[in-house]
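Here is how the chains run, residue by residue.
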Amino acid sequence: MSEALIGALGREPGRASALCAGDEAGRADPYGDDLQLALYLCYELHYRGLDGVDDGWEWDPELLRLRGALEARFLDALRADAPVHAGPRAAQEALDALLVEPVHGKGLSFYLKDEGELWQLREYAALRSLYHLKEADPHAWVIPRLTGRAKAGLVAVEYDEFGAGRAERAHQRLYAELMEDLDLDPAYGHYLEAATAPLLATVNLMSVLGLHRALRGGLVGHFAALEITSSPGSRRIAQALERVGAGPAAVGFHAEHVEADAVHEQVVRREVVGGLLADEPGLGDDVAFGVDATVWLEDRFSDAVLSAWGRGASALREPPEAAPEAA
Ligand SMILES: [Fe+2]
Ligand SMILES: [Fe+2]
């Protein structure tokens, strides 16, 4: 499917015949490389486009038909695998569960804090660049679908994410500087071909929730999960980067998130989630789904990276080019 899509994207839109039969998507591994890469490329047309690809593909009906089939497969799998919380207090309980921080946690950020080496931090940064170089973009799509407190709160947080009026403070920009500090290539999308399906799935989740109005509750839940878990996770990554002697921009990106996201968390819980559920109480399960799906995919990503490293292998298809020797 991804091969057929890449082939089609090299041509002009409007003349694609049968990019994919829906049953092919229906049989694909919902978390596998083929489906996740195809979906990622479909979505990228809505962000900054793809080099050498006609912008008209964004709304090509055949491509949208393919995208719909891939999304259905992905979402059906997530709805079967991810949910933990249900019932009238599902959203509240899902968010509360995020606040419980284990002292001796097992995830990726705990590993990096305790024993991560510079090459592992570079791999982690290269993988995460698929999101952070467009940080906060997927969440902007939900703005017209919200009203009142939810809208005001979400926009207040997004304003910070985009630099509060200062381009050089935009988190996307700060992340590019982090990558430069780590001798990585900060060009948008540079590491797409090196990324693996578990990482692509975490970004595809934001895109599918952002692009569908029907999934606005899920997007809000996802946004809340990111903001709530970001502050402690960022502290651990900042500690890891400091320990390996990374430069000030690399440490600074995460230090910024330790502080900013402690505030964002409060706004998101009270205003964005609270406001949405006051307006639309029927969306509680959707908010919980957004939280649970985020946690589930993040855990899968963490397991995949740690298992590659545990085998002494790179967590990428191709490890990032080696950093030049320090002078
Ligand atoms: Fe941020
Ligand atoms: Fe934030």
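Residues numbered from 1 in each chain as written. Chains lettered and ligands numbered in written order. Predicted model: local features only at pLDDT ≥ 70, side-chain atom pairs only at ≥ 80, totals over all residues. Heavy atoms only, no water.

### Observations regarding the coordination of the iron ion (ligand 1)
Only Glu135 (OE), Glu161 (OE), His171 (ND1) and His257 (NE2) from the protein coordinate the iron ion (ligand 1), and they sit 1.8 to 2.1 Å from it. All donors of the iron ion (ligand 1) belong to a single chain; written as a sequence motif, their spacing is E-x25-E-x9-H-x85-H. Here the iron ion (ligand 1) and the iron ion (ligand 2) are spaced 4.0 Å apart, linked through Glu161, which binds each one. Here the residue Glu135 occupies a position in the loop between α7 (118–132) and α8 (137–140), and His257 occupies one in helix α13 (residues 248–279), the gap between them amounting to 122 residues. His257 sits in the buried class, given a relative accessible area of 4%. (Donors = N, O, S within 2.8 Å, 3.2 Å for Na, K, Ca; no water. Helix = DSSP H or I, 4+ residues; strand = E, 2+ residues; numbered from the N terminus. Buried < 20%, exposed > 50% of the residue type's maximum accessible area, 1.4 Å probe, protein only.)

### Digging into the packing of helix α3 (residues 33–44) against helix α11 (residues 197–211)
Where α3 contacts α11, the axes come no closer than 9 Å and their chain directions differ by 45 degrees. Viewed along their axes, α3 and α11 adopt a mutual orientation that is oblique. The hand of the α3/α11 crossing is left-handed. Contact residues: Asp33, Gln36, Leu37, Leu39, Tyr40 and Tyr43 in α3; Ala197, Leu200, Ala201, Val203, Asn204, Ser207, Val208 and Leu211 in α11. Its residues placed into classes, the contact of α3 with α11 shows 10 nonpolar, 3 polar and 1 charged. (Axes fitted to C-alpha atoms, helices over the stretch in contact; angles between N-to-C directions. Parallel < 35°, antiparallel > 145°, perpendicular 65-115°, else oblique. Left-handed = near helix turned anticlockwise from the far one by under 90°. Contact = heavy atoms within 4.5 Å. Nonpolar A, V, L, I, M, F, W, Y, C, P; charged D, E, K, R; others polar.)

### Points about the coordination of the iron ion (ligand 2)
Those donors, Glu161 (OE), Glu227 (OE), Glu227 (OE), Asp261 (OD) and His264 (ND1), are the protein atoms that reach the iron ion (ligand 2), and they lie 1.9 to 2.7 Å from it. Between the donor residues of the iron ion (ligand 2), the gaps in sequence give the motif E-x65-E-x33-D-x2-H.

### Describing the pattern of salt bridges
In this structure the tally under the stated criterion is 16 salt bridges. Two residues, Arg48 and Asp137, come together in a salt bridge whose shortest N-O distance is 3.7 Å. Taken together, the residues span a long stretch of sequence, with Arg48 in the loop between α3 and α4 (61–81) and Asp137 in helix α8 at a distance of 89 residues. Judged by its relative accessible area of 45%, Arg48 is partly exposed. Residue Asp96 is joined to Arg269 by a salt bridge in which the shortest nitrogen-to-oxygen separation is 3.1 Å. Taken as a pair, Asp96 in helix α5 (residues 90–98) and Arg269 in helix α13 lie far apart in primary sequence, 173 residues in all. (Salt bridge = Lys/Arg side-chain N within 4 Å of Asp/Glu carboxyl O.)

### Details of the layout of surface pockets
In this structure, the second largest pocket occupies an estimated 510 Å³ of space. Together, 24 residues line the second largest pocket, and Leu41, Leu50, Gly189, Leu192 and Glu193 are the ones closest to its centre. For the lining of the second largest pocket, the secondary-structure elements that each account for two or more residues are α1 (2–9), α3 and α7. Partitioned by chemical class, the residues of the lining of the second largest pocket number 13 nonpolar, 4 polar and 7 charged. (1 Å grid on protein atoms, 1.4 Å probe; cavity = no way out; pocket = protein on both sides within 12 Å on 5 of 7 lines; lining within 4 Å. Points joined across faces, edges and corners; volume = space filled by probe spheres on them.)

### Quick look at the environment of Asp137
Separated by 66 residues in sequence, Asp137 and Glu71 place their C-alpha atoms 19 Å apart. The residues contacting Asp137, other than those within four sequence positions of it, are Tyr47, Arg48, Phe162 and Gln172.

### Remarks on the packing of aromatic side chains
Centre-to-centre distance and the angle between the planes together describe a pair of aromatic rings. If you walk through the whole model with that rule in mind, you get 6 aromatic pairs. On the basis of an interplanar angle of 50 degrees and a centroid distance of 4.6 Å, the ring pair of Tyr47 and Trp141 is categorised as tilted. You can see Tyr47 sitting in the loop between α3 and α4 and its partner Trp141 sitting in the loop between α8 and α9 (148–161), a full 94 residues away along the chain. Site record: aromatic cluster; members linked through ring pairs are Tyr31, Phe74 and Trp296. It is Lys134 that lies over the ring of Tyr47; its NZ or CZ is 4.1 Å from the centre. Cation over ring: Arg236 sits above Phe110, and NZ or CZ is 3.7 Å from the ring centre. (Phe/Tyr/Trp six-rings, centres within 6.5 Å; stacked < 30°, edge-to-face > 60°. Lys NZ or Arg CZ within 6 Å of the ring centre and 35° of its normal.)

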